[in-house]
Amino acid sequence: MTTAARRYHITTFGCQMNKADSERMSGILESMGFEWSESPDDANLVLYNTCTIRDNAEQKVYSYLGRQARRKHEQPDLTLIVAGCVAQQEGESLLRRVPELDLVMGPQHANRLQDLLEQVFNGSQVVATEPIHIVEDITKPRRDSDVTAWVNVIYGCNERCTYCVVPNVRGVEQSRSPQAIRTEMEELAQQGFKEVTLLGQNIDAYGRDLPGTTPEGRHLHTLTDLLYFVHDIPGIERLRFATSHPRYFTERLIRACAELPKVCEHFHVPFQSGDNDILKAMSRGYTHERYRRIIDLIRSYMPDASISADAIVGFPGETDAQFEKTLKLVEDIGFDQVNTAAYSPRPGTPAALWDNQLSEEVKRDRLQQLNHLVSVQASERSQRYLGRVEEVLVEAQNTKDPTQVMGRTRGNRLTFFPGSIDDLKGQVVSVKITEIRAFSLTGTPLIPALR
Ligand code: SAH
Ligand code: SF4
Ligand code: F3S
């Protein structure tokens, strides 16, 4: 045994909420004196922050865990933690499957990591999956980027989409107070961050659980109000938000985005399916006509807005004709990016129990067709950038070419151009786009400061 500093490693699976939770848990561990270890094999504390949205996401965790569990037999002082959505879903049964685990903690408990670890260090094996009121985090997150940051605004989800585990594992909606959000953003600005993405599984639900209504009966705190409330923070130059739900998206929000200069013209609005009967079976609560109207409305205010979405193929009972309607919707809208997935039956969700499941071949085949269309479209949408001057916020060096830096346009297109990260990090640079690919761009900077 050495007296060297205790080292920790976190591997994060899943969505941005998990990434944000991991950053806060890293912050807590560092405040406890742990140091980051790139490799799990050199760490005394290994934490897997897990995702269970689809079966393959869950299986990945078990293979990683098995290796660390074996390591623990040679190194008994290794602390092994499963956090996140698999932890919440499996709870105690994870201990039966992997008895080497010290701590199983659901996503609502992320901010309590120190507390839970103290119990572990006192010799207990701990399972923390009971629903709680999420406490504000008092330590500083260790952020992956020093330019762009995620800020949670609402935890959980009250929807009941029939395919989805999120409400089971993330619990009911809990909005943070506008002031807590603003304070976090002010601190980010002081630390030099330039861009903030406000996060929620269904961000349009922001504020519904907070007290207060206007004389007209509207909630006092909505996402739109929040955007106005945080917009003037000096130093934060860009604002984004995700994920939007087509059922709750309002024209008032679209108007705010058009009016507020810091809000980027990028909207992530999952549609899931282009067929109304499938949407109904999914309990999504909107039709493809409503979805189209929302996108039209966005484009009427911001003609060049970039639009991304999520879609599921092979939902139980989906016919060829219904799948064609998804293709048709994608064709008609012209997305900049679509995250696609083959339907995966999840424990504890209604659709998993239906007897009209499709074969894996059908799902795979539809996924391929949709992916093909999505990348063709993304290339077409990229065309409009050629020769244009885009504002790029520089985030990092291009890992594949150190003579270049990388950043994003306001529309969220990954963009590379020649330059030094030491000079340009965190700056918004005007870049003339000279080369396009489906999901990224290359250009030449227009600022004289470079030479
Ligand atoms: N709150 C967001 C999405 C959360 S999950 C929304 O309402 O759209 C992220 C994406 O995973 C979903 O948009 C969906 O496309 C996909 N997904 C969720 N459950 C799934 C399942 N059982 N099988 C396949 N994809 C799924
Ligand atoms: Fe899942 Fe639906 Fe909630 Fe999105 S809105 S997280 S798909 S239940
Ligand atoms: Fe996965 Fe949990 Fe996010 S299931 S997608 S990590 S909310």
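Residues numbered from 1 in each chain as written. Chains lettered and ligands numbered in written order. Predicted model: local features only at pLDDT ≥ 70, side-chain atom pairs only at ≥ 80, totals over all residues. Heavy atoms only, no water.

(A) Structural view of the overall build of the protein chain. Helix and strand counts for the protein chain stand at 14 helices and 19 strands. Since a compact globule built from 451 residues should have a radius of gyration of about 22 Å, the 23 Å found for the protein chain is in line with a globular shape. Taken over the C-alpha atoms alone, the protein chain extends approximately 65 × 60 × 50 Å along its principal axes. Going through the 451 residues of the protein chain one by one, you find that 54% of them count as buried. Long-range pairs, those at least 24 residues apart, make up 72% of the contacts in the protein chain with a sequence separation of at least 6. (Helix = DSSP H or I, 4+ residues; strand = E, 2+ residues; numbered from the N terminus. Rg over C-alpha atoms; globule rule 2.2 N^0.38 Å. Buried < 20%, exposed > 50% of the residue type's maximum accessible area, 1.4 Å probe, protein only. Contact = heavy atoms within 4.5 Å.)

(B) Just the packing of helix 7 (residues 178-190) against helix 8 (residues 223-230), in detail. Interhelical geometry of helix 7 versus helix 8 gives an angle of 40 degrees and a closest axis separation of 10 Å. One way to sum up the angle between helix 7 and helix 8 is to call them oblique. Considering the relative orientation of helix 7 and helix 8, their crossing is right-handed. Seen from helix 7, the contacting residues are P178, Q179, I181, R182 and M185; seen from helix 8, they are L226, F229 and V230. In terms of residue class, the contact of helix 7 with helix 8 is built from six nonpolar, one polar and one charged. (Axes fitted to C-alpha atoms, helices over the stretch in contact; angles between N-to-C directions. Parallel < 35°, antiparallel > 145°, perpendicular 65-115°, else oblique. Left-handed = near helix turned anticlockwise from the far one by under 90°. Nonpolar A, V, L, I, M, F, W, Y, C, P; charged D, E, K, R; others polar.)

(C) Layout of the side chain of T79. Locating T79 in the fold gives a position in strand 4 (residues 79-83). Each residue touching T79, except ones within four places of it in the same chain, is listed here: N44, L45, V46, D102, L117, V120 and F121.

(D) Seen up close, the sheet that holds strand 1 (residues 7-12). Spatially, the six strands line up as an open sheet ordered 2-1-3-4-5-6, and their pairing is parallel. Two strands close off the open sheet at either side, each with one partner strand: strand 2 (35-36) and strand 6 (126-128). Pairing analysis gives two bridges linking strand 1 to strand 2, with the strands arranged parallel. The residue bridging R7 from the neighbouring strand is E35, located in strand 2. The strands touched by helix 1 (residues 16-31) within the sheet are strand 1, strand 2, strand 3 (45-50), strand 4 and strand 5 (103-105), with strand 1 carrying the most contacts at an inclination of about 175 degrees. Against the sheet, helix 2 (residues 55-74) makes contact with strand 1, strand 3 and strand 4, and its axis sits at roughly 165 degrees relative to strand 3, the strand it touches most. (Pairing = 2+ DSSP bridges.)

(E) Main features of the site of ligand 1. Among the 15 residues in the neighbourhood of ligand 1, the closest are listed as Y163, Q201, Q272, D310 and S344. Take R284: an N or O atom from its side chain is 3.1 Å from an oxygen atom of ligand 1. Bound to the protein, ligand 1 loses 89% of the 540 Å² it would expose on its own. Breaking the shell around ligand 1 down by element, the ones donating at least two residues are strand 13 (306-313) and strand 14 (337-342). For the shell around ligand 1, a count of residues per class yields seven nonpolar, four polar and four charged. (Near = heavy atom within 4 Å. Polar contact = N/O pair within 3.5 Å; in protein donor to acceptor, adjacent residues only side chain to side chain. Areas by Shrake-Rupley, 256 points an atom, 1.4 Å probe, with all protein chains shown as cover.)

(F) Local environment of helix 5 (residues 113-121). For helix 5, the complete set of buried residues consists of L113, L116, L117 and V120. For helix 5, the angular spread of buried residues about the axis comes to 100 degrees, placing them on one side. At its buried positions, helix 5 is contacted by helix 1, strand 3, strand 4, strand 5 and strand 6. Directly beyond the C-terminal end of helix 5, a positive phi value near 105 degrees is found at G123. (Arc of directions from axis to C-beta.)

(G) Examining empty space enclosed by the protein more closely. In total, this model carries one cavity of 30 Å³ or more according to the counting rule given. Counting contributing residues, the lining of the largest cavity receives three or more from each of domain 1 (7-128) and domain 2 (148-384). (1 Å grid on protein atoms, 1.4 Å probe; cavity = no way out; pocket = protein on both sides within 12 Å on 5 of 7 lines; lining within 4 Å. Points joined across faces, edges and corners; volume = space filled by probe spheres on them. Domains from an automatic or database assignment.)

(H) Examining the site of ligand 2 more closely. As a structural note, the neighbourhood of ligand 2 is formed by C157, E159, C161, Y163, C164, V166, P167, Q201, H245 and R284. In terms of residue class, the shell around ligand 2 is built from six nonpolar, two polar and two charged.

Read these as geometric descriptors, not functional statements.
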